[in-house]
Amino acid sequence: MRGSAPEDASRTRHRVLRRSATAVAATALLLPLVSAAPSAGAGKPPSGALQRAFDAAAARYHVPRSVLLGVSYLESRWDGHAGAPSVSGGYGPMHLTDARAAVARTAEFSADTEDARGDAARPLRRPPQTQARQAVLPAQLPARLRTLPRAAQLTGLPAAKLRTDQAANVLGGAALLAAAQRELGLPASSDPAQWYAAVARYGSGDDARSGAAFARDVFDVMRQGQARTTDAGQQVTLAAAPRLAADTAQAQRLGGATVQRAAARGSGGALECPWSVACESWPAPYEQYDNGANYGNHDLADRPKDQRIDTIVIHDTEGSWETTLRLIKDPTYVSWHYTVRSSDGLIAQHVPTKDVAWHAGNWYVNAHSIGIEHEGFLAAPDAWYTEAMYRTSARLVKYLAGKYDIPLDRQHILGHDNVPGTIPSTIPGMHTDPGPYWDWAHYFRLLGRPFTATAGRHGGLVTIRPSYEGNRPVYTDCEKPGQPCADHGSTAVRLHTAPSEDAPLIQDIGLHPGGAATTTGVNDTGARATTGQQFAVADRAGDWTAIWYLGQEAWFHNPRSHPTAVNAKGLVATPKPGRTEIPVYGRAYPEQDAYPSQVPVQAVTPLPYKLLAGQEYAVGDRMRSDYFFSPTFDVSKHAVVRGHDVYYEIQVGHRVGYVRAADVDVRSSQD
């Protein structure tokens, strides 16, 4: 969905802040007050202080140190995020939740211009927009969103200290674990195996399904061990315990929730989730409205029998879990297949994967993809995603990729910000989530496909891979136009017209059709290459590398001492000999002769980008053209049109694009 900044009632709204579709109803529970967070470098304690804090808290509350470290790693990877709350209102290394303190009482966001369905034959019917209202919080928040006040009661420490002081935060987490153990009638054992049920309760309150998945992940972390330097420069180590096993009786009791979860039925059959995650059914409606004149909020299909599924699109919700689940029930709204909760990684499935959800803003991509929303905010970099969310999302993607034979690479696992516009006029309105703060490198390590060098210096391609923590380009417009965003790690590198930081940024004539310059705005993807994306090398000069990008030579800083890309090899597409330029398309639609009389011909309209003779672009896939015609509620009138034209998906810029096979030669990048 579209990235946007949290607003309060005193702020002036500006067109530059792009709203997501989910953010239309901003009765969102959690909009973190990012501006209130101290800087990441302020008051850093010595590098071993956090490790000692875990030791002290474990001793004080008689919780095994490995349990405390394992829980904290899954919640935050031991990061403190400079005292800023997560998207679910969690603070500090132990992710103590205090939603009331994290909430900004904000007016509802307005709708944006993207048609999430993206099909000219049946444009999305938008409900009338009402005047913005003030967000209203529920009288009673779920227990999982108010653990910090409980920790304050247990420890006697002020809530403000638990939010901002990492040692106090760890004490609060230890106190909660000890209290959970007592409430379960279990002894304060020194054996980590005896804390399995308490860990589950810590992760999800009384939700046994997500609690069981959380506990399994924590015990996996303890078995594997971890060591890292946190965002505050703290060196923390959890020694591996490869033979650790949960108490059998506790694991069996929690395991019953998993059986119930897997047996639940959704709108299209059994839930489609791996057994290692907590998953529930929250079906999206397929129904008519306006006295039968319209329908929503997805289309019935029979994939992969009628169309292959070859792409997974990663989104963020730009709203809370509760708001997102409410919106997916609206037949006049849009849809997606899954939502992942921030606090514990609980997954809700809304649309069966055989059916086509309305999520990507491009009908061709929708017809061939699965959409996964993640509770979060693009333009609030300190509204951080939890490790539990990353891990369960990665498990879901890996499961779906195996089920549908989808390659685990950045040509098939796209962000919404990588989906192309359908025609030139739709490019400026395309969504930009999950944005430059989603940690693609970490995500792909969890997928078991880390981005590594696959060739030497003459491989012909590069894979973008900056250090997330060390790569900190300045973005603007997160909260107010022109105002710098909070200093934060990023997965994206900037692209210039020459090998110099002083050179202008590359221009995107599709995003800025009036000729305006690319900006540093958090939603401006015009001169951005993101982790995992592959590009053909055009040139090198000292510490700079040039790639072919939107028909231009684009330079990024790539010093050997701190590289921001690794060498790679693969297939590249280049204009056929004798062609001075070739067009790029946003859809791989069939030729005119392929359409039967009852299906209107869909124009094969080129985007404003041209690939010039001699340029090369990394190839992601090869596909035969098709079009899914589904303009009505009556599925008997649906049809799949298959053409003879063949296309290649290429990495044309920050977004992918399609070129006709008849226009290009495809060869190895090493030739």
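(A) Layout of the packing of aromatic side chains. What the rule picks out here adds up to 26 aromatic pairs. On the basis of an interplanar angle of 85° and a centroid distance of 6.5 Å, the ring pair of Tyr 333 and Trp 336 is categorised as edge-to-face. Trp 336 matches Tyr 333 in its accessibility class, with the two residues each being buried. On the basis of an interplanar angle of 70° and a centroid distance of 5.0 Å, the ring pair of Tyr 385 and Trp 438 is categorised as edge-to-face. Remark: Trp 438 occurs in the loop between β16 (413-415) and α13 (440-446) and Tyr 385 occurs in the loop between β15 (369-374) and α12 (387-404); sequence separation between them is 53 residues. Side by side, Tyr 385 and Trp 438 carry an identical accessibility label, which is buried. Grouped by ring-pair contacts, the aromatic residues Tyr 385, Tyr 390, Trp 438, Trp 440, Tyr 443, Phe 444 and Phe 451 constitute a single cluster. The side chain of Lys 329 reaches across the aromatic face of Trp 282, ending 5.0 Å from its centre. The ring of Trp 321 carries the charged tip of Arg 341 above its face, separated from the ring centre by 5.2 Å.

(B) Geometry of the environment of Thr 531. Mapped onto the elements of the fold, Thr 531 is located in the loop between β19 (528-530) and β20 (534-541). A relative accessible area of 1% places Thr 531 in the buried class. Filtering out sequence-adjacent residues up to four positions away, Thr 531 remains in contact with Arg 410, Trp 440, Ala 441, Phe 451, Ile 464, Arg 465, Pro 466 and Thr 491. Looking at Thr 531, its side chain comes within polar contact range of the main-chain oxygen of Thr 491, at 2.8 Å.

(C) Looking closely at the side chain of Arg 144. Relative to the assigned elements, Arg 144 resides in the loop between α3 (99-102) and α4 (147-155). Within polar-contact distance, the side chain of Arg 144 engages the side chain of Glu 322 at 2.7 Å. Within polar-contact distance, the side chain of Arg 144 engages the side chain of Ser 343 at 3.3 Å. Residues in contact with Arg 144, not counting those within four places in the same chain, are Thr 97, Trp 321, Glu 322, Arg 341 and Ser 343.

(D) Spotlight on empty space enclosed by the protein. Under the definition given, this model contains four cavities of 30 Å³ or more. What the largest cavity holds in volume is close to 130 Å³. The wall of the largest cavity is formed by 15 residues, among which Ile 427, Asp 508, Leu 550, Tyr 609 and Arg 655 lie closest to the centre. Residue composition of the lining of the largest cavity, grouped by class: nine nonpolar, four polar and two charged.

(E) Structural detail: the sheet that holds strand β11 (residues 311-316). Sheet architecture is open: six strands sit in the order β7-β13-β12-β15-β11-β16, paired in mixed fashion. Every interior strand has two partners, whereas the edge strands, β7 (279-281) and β16, have only one. Between one strand and the next, the sheet's axes are offset by a mean angle of 25°, whatever the strand orientation. Bridge count between β11 and β15: six bridges; the pairing is parallel.

(F) Quick peek at the state of the cysteines. As enumerated under the stated definition, the model contains two disulfides in all. The side chain of Cys 273 participates in a disulfide bridge whose partner is Cys 279; the two sulfur atoms lie 2.1 Å from each other. Put simply, Cys 478 and Cys 485 are joined by a disulfide, and their sulfur atoms are 2.1 Å apart. One disulfide, between Cys 478 and Cys 485, carries an S-S torsion of 95° and so falls in the right-handed class. The same class applies to Cys 478 and to Cys 485, which are both buried.

(G) Structural detail: the sheet that holds strand β22 (residues 552-557). The strand order across the open sheet formed by five strands is β22-β21-β20-β17-β23, and the pairing between neighbours is antiparallel. Here the strands that pair on one side only, and so sit at the sheet edges, are β22 and β23 (565-568). Each neighbouring strand pair of the sheet contributes to a mean axis angle of 45°, computed without reference to strand direction. Inspection of the sheet shows strand β17 (residues 461-464) paired to β20 by three bridges, in the antiparallel sense. Within β20, the residue paired with Thr 463 across the bridge is Gln 534.

Thresholds, definitions, all that
- Residues numbered from 1 in each chain as written.
- Predicted model: local features only at pLDDT ≥ 70, side-chain atom pairs only at ≥ 80, totals over all residues.
- Heavy atoms only, no water.
- Phe/Tyr/Trp six-rings, centres within 6.5 Å; stacked < 30°, edge-to-face > 60°.
- Buried < 20%, exposed > 50% of the residue type's maximum accessible area, 1.4 Å probe, protein only.
- Helix = DSSP H or I, 4+ residues; strand = E, 2+ residues; numbered from the N terminus.
- Lys NZ or Arg CZ within 6 Å of the ring centre and 35° of its normal.
- Contact = heavy atoms within 4.5 Å.
- Polar contact = N/O pair within 3.5 Å; in protein donor to acceptor, adjacent residues only side chain to side chain.
- 1 Å grid on protein atoms, 1.4 Å probe; cavity = no way out; pocket = protein on both sides within 12 Å on 5 of 7 lines; lining within 4 Å.
- Points joined across faces, edges and corners; volume = space filled by probe spheres on them.
- Nonpolar A, V, L, I, M, F, W, Y, C, P; charged D, E, K, R; others polar.
- Pairing = 2+ DSSP bridges.
- Axes fitted to C-alpha atoms, helices over the stretch in contact; angles between N-to-C directions.
- Disulfide = S-S within 2.5 Å.

The analysis is restricted to geometry; functional conclusions fall outside its scope.
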